[in-house]
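A closer look at the structure
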Amino acid sequence: VDGPESLTGVRRHMMPVKRLSLTDFKCGIFRGAREKQLKAALEKDEILKKWSETAWAKKLAAKKTRANMTDFERFKLMVARKNRAKEVKKTIKKK
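Each residue is numbered by its place in its chain's sequence as written, counting from 1. Per-residue local features are limited, in this predicted model, to residues with pLDDT of at least 70; the limit for side-chain atom pairs, both in listing and counting, is 80 or more; totals at the level of whole chains, interfaces and linings are taken over all residues. Side-chain metrics in this entry use all non-hydrogen atoms of the structure; hydrogen atoms and water are not considered.

Before going further, it helps to examine the overall build of the chain. Runs of H or I in DSSP of at least four residues are treated as helices and runs of E of at least two as strands, each being numbered from the N terminus. If you tally the helices and strands in the chain, you get five helices and zero strands. Reading the secondary structure of the chain in the N-to-C direction produces α-α-α-α-α. Considered along the principal axes of its C-alpha atoms, the chain spans approximately 65 × 30 × 25 Å. Evaluated residue by residue, the chain yields a buried proportion of 8% over its 95 residues. Exposure is judged per residue with a 1.4 Å probe applied to protein chains only, and the accessible area is read against the type maximum: over 50% gives exposed, under 20% gives buried, and values in between give partly exposed.

Have a look at this one:
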């Protein structure tokens, strides 16, 4: 498996096939391709852009954002969720 590290943060390393998760994205490279060739192929096919638009990538980004929240940001999120729930209950009660 090769990231390349400068783009994805994943170094070149061995990984069991069982642990891999396949996606629909395909990059046209040959076996044993160097990092330079991989970077060129990823940029040509816009693989990273397509990946960032998937629900899986958005979910990982949201998880990372939540993990990096400060205490005050978590508090603001809690208050916003309470207010949203209150508004939803109000609209349901009207109907």
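This brings us to helix α2 (residues 35–45). All of the buried residues in α2 are Leu38, Ala41 and Leu42. What you see down the axis of α2 is that its buried residues fit within an arc of 100°, all on one side. Relative to its buried face, α2 has exposed residues pointing more than 90 degrees away, namely Lys36, Glu43 and Lys44. If you follow the buried residues of α2, they end up packed against α1 (5–8) and α3 (47–52). Once α2 finishes, Glu46 follows within two positions and takes phi at roughly 55°, a positive value. It is the directions from the helix axis to the C-beta atoms that the arc portrays. Any two residues having at least one pair of non-hydrogen atoms within 4.5 Å are treated as being in contact.

Each Phe, Tyr or Trp ring (for Trp, its six-membered ring) is paired with any other whose centre lies within 6.5 Å, and the angle between the two planes then decides the class: stacked below 30 degrees, edge-to-face above 60, tilted in between. For the structure shown, the criterion picks out two aromatic pairs. Centre to centre, the rings of Trp51 and Trp56 are 5.2 Å apart; their planes meet at 65°, and the pair counts as edge-to-face. According to the relative accessible area criterion, Trp51 is partly exposed, its value standing at 25%. Considering the side-chain rings of Phe72 and Phe75, the 6.4 Å spacing of their centres and the 25° angle between planes classify their relative orientation as stacked.

Next up on the list: the pattern of salt bridges. By definition, a salt bridge exists where a carboxyl oxygen of Asp or Glu is found within 4 Å of a side-chain nitrogen of Lys or Arg. In the structure shown here, the tally under the stated rule is four salt bridges. For Arg12, the salt bridge is made with Asp2, and the minimal N-O distance between the two is 3.0 Å. With Arg12 in the loop between α1 and α2 and Asp2 in the segment before α1, this residue pair connects regions lying ten residues apart in the sequence. A salt bridge links Arg74 to Asp71; its shortest N-O distance comes to 3.9 Å. Placement of the pair is Arg74 and Asp71 together in helix α5 (residues 71–94), with a separation of three residues, close to one helical turn.

Turning to a nonpolar patch on the surface, a few remarks are in order. Like charges within 9 Å and nonpolar side chains (Val, Leu, Ile, Met, Phe, Trp, Tyr) within 5 Å are joined into patches, using only residues over 30% in relative accessible area that form no salt bridge. Using a 1.4 Å probe, accessible areas were evaluated by the Shrake-Rupley method; residue-level cover was limited to the displayed protein chains. There is a patch of nonpolar side chains on the surface, built from Val1, Val10, Met15, Val17 and Leu20 and spanning about 400 Å² of accessible area. Looking at the element boundaries, Met15 is found in the loop between α1 and α2. Judged by its relative accessible area of 33%, Met15 is partly exposed.

With that settled, consider the environment of Gly32. Here Gly32 shows up in the loop between α1 and α2. On the basis of relative accessible area, Gly32 is assigned to the exposed category, the value being 58%.

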